[in-house]
Each structure stands twice: as C-alpha cells, then as structure tokens.
Amino acid sequence: MPRTLIEIDRTSGEPLYRQIRKALEHGIAVGTIDAERRLPSSRELARELSLSRNTVNAAYQELVAEGFVESRERQGIFVNREMRPYCAVEERPPAERFDWGARLRGHPEDRLPHIEKLPDWADYPYPFLAGQVDLRAFPARDWSRALNEALYQPHAQYSLQDSIAADDPLLVEMLCRQLLPARGVEATPDEILVTVGSQQGLDLLSRALLGTGSTVAVEDPGYLDARHIFVRAGARLLPLPVTAAGVVPPAGLAGVDLLHVTPSHHHPTNVTLSIGRRRELLSLVRESGTVIVEDDYDSEFRYQGSPTPALKGLDSTGQVVYLGTFSKFLAPGLRMGYVVGSRELIRELRDLRRYSVRHPSGHIQRALALLIQSGEYHRAVRRYRGQLMRKWEAVTAAVNTHLPWHTTPSPGGVSLWMTGPRELDCRRLVELAQRRGVLIERGDIYFLSGQPPLNHFRIGFAAPQVRAIDPGISILGGLVERMLAGA
C-alpha cells in the first residue's frame, strides 16, 4: 500500500490505531484500496508508518470485528468478500490533461521512410526478412554457461560492478587478438569502444563529428537507419550511386565531412566493394579530410571465395572508423557492437557514451568475452555459416526456378536483392505476399530519390527454415507472374 493512503497525526489526541483504522476503512469504501489484493501485513505497515506492530494489529482487529476485512490462513488480510460490491472508486473532478504535443520537439527535418518490422513476424510460415535470425541456431547452451561463469570470481568484478566509462578488458582483448585480425585490422585496447549495437556507434559518431550544415555522403540505395541518425544530427545527405562493384567514388569529396559505406556486403543490394574502388576512396579522403565510417555488419557470412580486406585494414592515415556487431550472428536482441578508431576519437566517444547509457551491460560483455575465449564463439560461427550457405543455395535455386527472371546473387550476406521488370510494384507485392504468409521487404524505401524505382525488393534467408524456402518462393513467384500479367 502506498504511504500516501494513510496519514498519521502524532499530535492528535485520537489514538494512532484508530487513525489507521479510519484510513483503511475509508480506502476500502471509496475503492482506493484494491479489493482483490492482499493488504500489507502488520509488520509491513508498522515498518512503513514507523509504528509498533501492536498499534497496527489493534487497527486490523477492529476492522476484522466489524467485517471490513477478513484474515485468511497462510494468505494474509483481504477486503471482506461481502464488502466488495460496495467498494467504489472515489470520484474526483477531471483534471486538464498536460499537453505533451506542445512540448515535444520532434524531428521535423527527418522525413525519411522507416524500415517497418511486424512484431509477430515469427508466426508467419515464410518470414523472408533481413535482419532477423533463426533462433534455433543460437548457441543457447554455451551462452548460458558463459553467463553463469561470468557471475563468479574472478569475473564478477567486471560483470556486476559499475565500470563508469570503461569496457570489459577481456572482451577488448578478444577483439584485438581474435576477431579484428581476421579482417586485417590491427588495434590496441585504447582504440576500441564497446557499444549497444553498431547503431549506437553511428549515433555516437554523429554526435561527435556532425552538426547543422555538415555533409554526409551515403550509398544510394543505402542503409536507412544510418540516414535517420545523420539527418537528426543536422547533416545534409549526398547520395552516391551503387553498381555491381559497390559504391561509385565521386570525382572528389571536398566539403564532405563523413562518408558512410557498407563495403563487405552493401546494404541492401549485398554487392561487395571492389578493391580498386576501396583504394580510390582512401585516396579521395586523404585529399579532402573526410572521415570514412566502414559499417561491417555481416562480413563473417561469405559462402564462396575469400573475404575482401576491410577498408580499415588498408587505412594508413587513421581516417577510417570501423563498426562491427555481434547482432547478425548471436542475436539482434543482445545489442552488442564495437567501434574501432583513433585514440582521440575513441576517448571522445567514450565520454559521450558515459552520459547516455554509461556502459553496455558488464554481464553481457564478460559472458561474450568468455564465449570467444573458450573457442565456442568461432565454432558456432562456423556452424551458422554452414547453415546459411545451405539456405543461400536453396534461396538462389528457388528464385531462379519460380521468379520470371534470372538472378546471380552475391556469394555472401543474409539477403538477396531482387530487381524485377520496371512495371513491377514492390509495394503491392509485399501486401499480397503477406496475405499468403510470405514476408519480404520493399526496396523503394532505400533510395533517396523523391520518386524511387518500385521494382526492387529484398528476400532475407536467415530466419526461415531450409524446407520453407522453396514453397515460400513458389508462392511469391506465382504472385509476381499474376501481377505482371495484369491480374
């Protein structure tokens, strides 16, 4: 019971137990005391009111004697069942509602579309959504073991204490020694910041490097959430076209403050930035002083050939900031990522993070570090990569069997970017497919143009089971054919 329901006047001549009794009786009568819930015990109420239990017991005894409350063995004290029909919430004059709309600043400058995800997507038989994972692939037993181990010494001091602005040293060590070298990236602990997902990394970078009047070059089509972050920081977006070899380097980057790229698997088309264009971009930013943000969100998932070296690994001036994430492999809900950059930049980002979320969960950080250290992380990645390769092969075969055009997808990533005939309307296709239990993503929202092409859509293949891929794409193919035939 909230303390405000009982007010005790210790200067009054009326006995304290009678004041308690009257307050409880009034609360029962007007309905401010929930008639369905247990009343506080005499011990609880005595502690809250700083009185003796004898005083509270005297009040309860009178209420029991008069039938307002009843004592149930081993359950506690409740409002008498016979009293409940007469309990009514006390009527108060209506208060004028506070106008939050007049106080919220909002983001009038952000008119970009949003990526929409159905909350019940997992209930659909054919959930071809990018960004979602097959939950059965998650190494639940190993993760549970790591979480448990992280709660005991010597790990508990990192899992449970307030580290202010510091990151878990073991996780940072694992990043330096076991994860980043595989991408050709060398870093020291003071060049790494752990984040609540890579999206927080983007937000921190925009707050540190951008402001009103800044210019950010982005891929077009490109990652929509990054655009929202940049625009809300006050930046102007400069679109750069994307071909089969990745983003097209402009003639120059003078006046561009930041360039955001997804070179391993371009978001959303999944193409890989060629080595020639990587070197050209690095040459351009050296001339212009532009910062490159390399968003490397799923480089682990390549099914043919060798991975292309990260831009950060080719960087000799320190202008490339590398963003990594564990979300695409472990689970999006864990929200764990990291930023690799110069010491000066990381120091500033750490300060910004401290006064927003302080630091990511120490427990999750230490558990993840232990998972990597044990070798289970890399074993799970290899297993998952094998599963995804089988799904990639299945979805590639299915689209070339059931869709009325041929597709040669990039050998990596977790989705296929589909380009149909110009007359195909992806918005209508998404709507019709959902009615048949097939979830895909429209492609027009990823373009910056005011009149984007409508003949693109995305097929994510990480979430559905292998056996669901062919029948789901078969349904999709039938819908496409009927749409193109004008049905």
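Everything numeric here is computed off the predicted structure, so don't read it as measured data.

Asks: Would you mind going over unusual backbone geometry with me for this structure?
Replies: Glycine aside, residues mostly have negative phi, and peptide bonds are mostly found in the trans state. Across the junction of Asp220 and Pro221, the peptide omega takes the value 5°, indicating a cis bond. Relative to the elements of secondary structure, Pro221 occurs in the loop between β5 (215–220) and α8 (224–232). Pro268 follows His267 through a cis peptide bond whose omega is 15°. For Pro268, the position within the fold is in the loop between β8 (258–261) and α9 (275–288). Even without a glycine there, the phi angle at Ile164 is positive, about 60°. In this fold, Ile164 is placed in the loop between α5 (156–159) and α6 (169–179). For Ile164, a relative accessible area of 31% translates into the label partly exposed.

Asks: Sorry if this is basic, but what is going on with the side chain of Asp296 here?
Replies: In this fold, Asp296 is placed in the loop between β9 (291–295) and α10 (311–314). What makes Asp296 buried here is its relative accessible area of 3%.

Asks: Can you help me understand the sheet that holds strand β4 (residues 192–195) in this one?
Replies: For sheets, the rule is that strands pair by backbone hydrogen bonds, running either parallel or antiparallel. Across the sheet, 8 strands lie side by side as β4-β11-β10-β9-β8-β5-β6-β7; this open sheet has mixed pairing. The sheet terminates laterally at β4 and β7 (246–247), the two strands that pair on one side only. Taken together, the 4 bridges between β9 and strand β10 (residues 320–325) define a ladder with parallel strand orientation. Within β10, the residue paired with Glu294 across the bridge is Tyr322.

Asks: Got a minute to help me understand the packing of helix α7 (residues 198–209) against helix α11 (residues 343–354) in this structure?
Replies: Each pair of packed helices can be described by the angle between their axes along with the distance between the axes. Between α7 and α11, whose axes approach to 10 Å, the crossing angle comes to 105°. By the angle between their axes, α7 is roughly perpendicular relative to α11. Where α7 approaches α11, its residues Gln200, Leu204, Leu205, Arg207, Ala208 and Leu209 are matched on the opposing element by Leu345, Glu348, Leu349, Leu352 and Arg353. Partitioning the contact of α7 with α11 into residue classes produces 7 nonpolar, 1 polar and 3 charged.

Asks: Explanation requested: the pairing of β10 in the structure shown.
Replies: One face of the sheet, then the other: side chains in a regular strand alternate in exactly this way. When you tally the buried positions in β10, you get 6 out of 6 residues, the bulk of the element. Neither face of β10 is exposed, since Val320, Tyr322 and Gly324 on one face and Val321, Leu323 and Thr325 on the opposite face are all buried. Relative to strand β11 (residues 337–340), β10 runs antiparallel, the two sharing 4 bridges. The residue of β11 that forms the bridge with Thr325 is Gly337.

Asks: Sorry if this is basic, but what is going on with the pattern of salt bridges here?
Replies: Oppositely charged side chains can pair when the atoms bearing their charge come close. Tallied over the entire structure, the rule returns 27 salt bridges. The shortest N-O distance in the salt bridge between Glu66 and Arg21 comes to 2.5 Å. Highlighted residues: Glu66 in the loop between α3 (53–65) and β1 (69–72) and Arg21 in helix α1 (residues 16–30), separated in sequence by 45 residues. Taking the shortest distance from any N to any O, the salt bridge between Arg379 and Glu376 comes out at 3.0 Å. In this pair, Arg379 and Glu376 both sit in helix α13 (residues 376–402), 3 residues apart, roughly one turn of the helix. A cluster of three or more residues bridged by salt bridges with shared partners is formed by Arg18, Arg21, Glu25, Glu62 and Glu66.

Asks: Can you walk me through the sheet that holds strand β14 (residues 441–442) in this structure?
Replies: Taking strand neighbours across the sheet as the criterion, the 3 strands line up as β12-β15-β14 in an open arrangement whose pairing is antiparallel. Each having just a single partner strand, β12 (415–419) and β14 make up the two edges of the open sheet. Of the pairings in the sheet, the one linking β14 to strand β15 (residues 456–460) comprises 2 bridges and is antiparallel in character. Note on β15: the bridge partner recorded for Arg442 is Phe457. Sitting on the sheet, α13 touches β12 and β15, and the angle it makes with β12 is about 15°.

Asks: Hey, could you run me through α7 in this one?
Replies: Helical geometry note: an α-helix holds 3.6 residues per turn, so side chains three or four residues apart project in the same direction. Taking 1.5 Å of rise per residue, the 12 residues of α7 would be expected to cover 16 Å, and the 16 Å separating its terminal C-alpha atoms lies within 8% of that figure. What α7 keeps buried is the set Ser198, Gln200, Gly201, Leu202, Leu204, Leu205 and Ser206.

Asks: I'm lost on the nonpolar core in this one. Help?
Replies: General note: in soluble globular proteins, nonpolar side chains tend to be found buried as a group. The biggest cluster of nonpolar side chains holds 37 residues, and the ones touching the most others in it are Leu429, Ile440, Phe457, Ile459 and Ile473. Every element with two or more residues in this core is listed here: α13, β12, α14 (426–435), β15 and α15 (466–484). In terms of residues, this core owes the most to one element, α15, which gives 8 residues. Membership of the second largest hydrophobic core comes to 33 residues, among which are Met174, Val185, Ala187 and Ile364.

Asks: Can you walk me through the packing of aromatic side chains in this structure?
Replies: Remark: the centre distance and the inter-plane angle together describe each pair of aromatic rings, the angle taken between the planes. The final tally for this structure, using the stated rule, is 8 aromatic pairs. Taking the centre distance of 5.9 Å and the plane angle of 80° together, the rings of Phe326 and Tyr377 count as edge-to-face. Linking Phe326 in the loop between β10 and β11 with Tyr377 in helix α13, this pair joins segments that are 51 residues apart in sequence. Note on accessibility: Phe326 and Tyr377 belong to one class, buried. Ring plane angle 45° and centroid distance 6.3 Å describe the contact between Trp417 and Phe447, whose orientation is recorded as tilted. Of this pair, Trp417 sits in strand β12 while Phe447 sits in the loop between β14 and β15; the two residues are 30 residues apart in sequence, bridging distant segments of the chain. Relative accessible area serves as the criterion here: at 16%, Phe447 is assigned to the buried category. It is Arg72 that lies over the ring of Phe78; its NZ or CZ is 4.0 Å from the centre.

Asks: Would you mind going over the pairing of β12 with me for this structure?
Replies: Most of β12 sits inside the fold, with 4 of its 5 residues counted as buried. Relative to β15, β12 is paired through 5 bridges, and the arrangement is antiparallel. Within the sheet, the bridge partner assigned to Met418 lies in β15 and is Phe457.

Asks: What am I meant to see in the packing of helix α4 (residues 140–149) against helix α12 (residues 362–373) here?
Replies: Two numbers describe how α4 lies on α12: the axes approach to 8 Å, and their chain directions differ by 120°. In terms of orientation, α4 lies oblique with respect to α12. Relative to α12, the crossing made by α4 is right-handed. On α12, the residues that touch Asp142, Trp143, Ala146, Leu147 and Glu149 of α4 are His363, Ile364, Ala367, Leu368, Leu370 and Leu371. In terms of residue class, the contact of α4 with α12 is made up of 8 nonpolar, 1 polar and 2 charged.

Definitions and limits used
Residues numbered from 1 in each chain as written. Predicted model: local features only at pLDDT ≥ 70, side-chain atom pairs only at ≥ 80, totals over all residues. Heavy atoms only, no water. Helix = DSSP H or I, 4+ residues; strand = E, 2+ residues; numbered from the N terminus. Buried < 20%, exposed > 50% of the residue type's maximum accessible area, 1.4 Å probe, protein only. Pairing = 2+ DSSP bridges. Axes fitted to C-alpha atoms, helices over the stretch in contact; angles between N-to-C directions. Parallel < 35°, antiparallel > 145°, perpendicular 65-115°, else oblique. Contact = heavy atoms within 4.5 Å. Nonpolar A, V, L, I, M, F, W, Y, C, P; charged D, E, K, R; others polar. Salt bridge = Lys/Arg side-chain N within 4 Å of Asp/Glu carboxyl O. Expected span 1.5 Å × (residues − 1). Core = buried A, V, L, I, M, F, W, Y, C linked by side-chain atoms within 4.5 Å. Phe/Tyr/Trp six-rings, centres within 6.5 Å; stacked < 30°, edge-to-face > 60°. Lys NZ or Arg CZ within 6 Å of the ring centre and 35° of its normal. Left-handed = near helix turned anticlockwise from the far one by under 90°.

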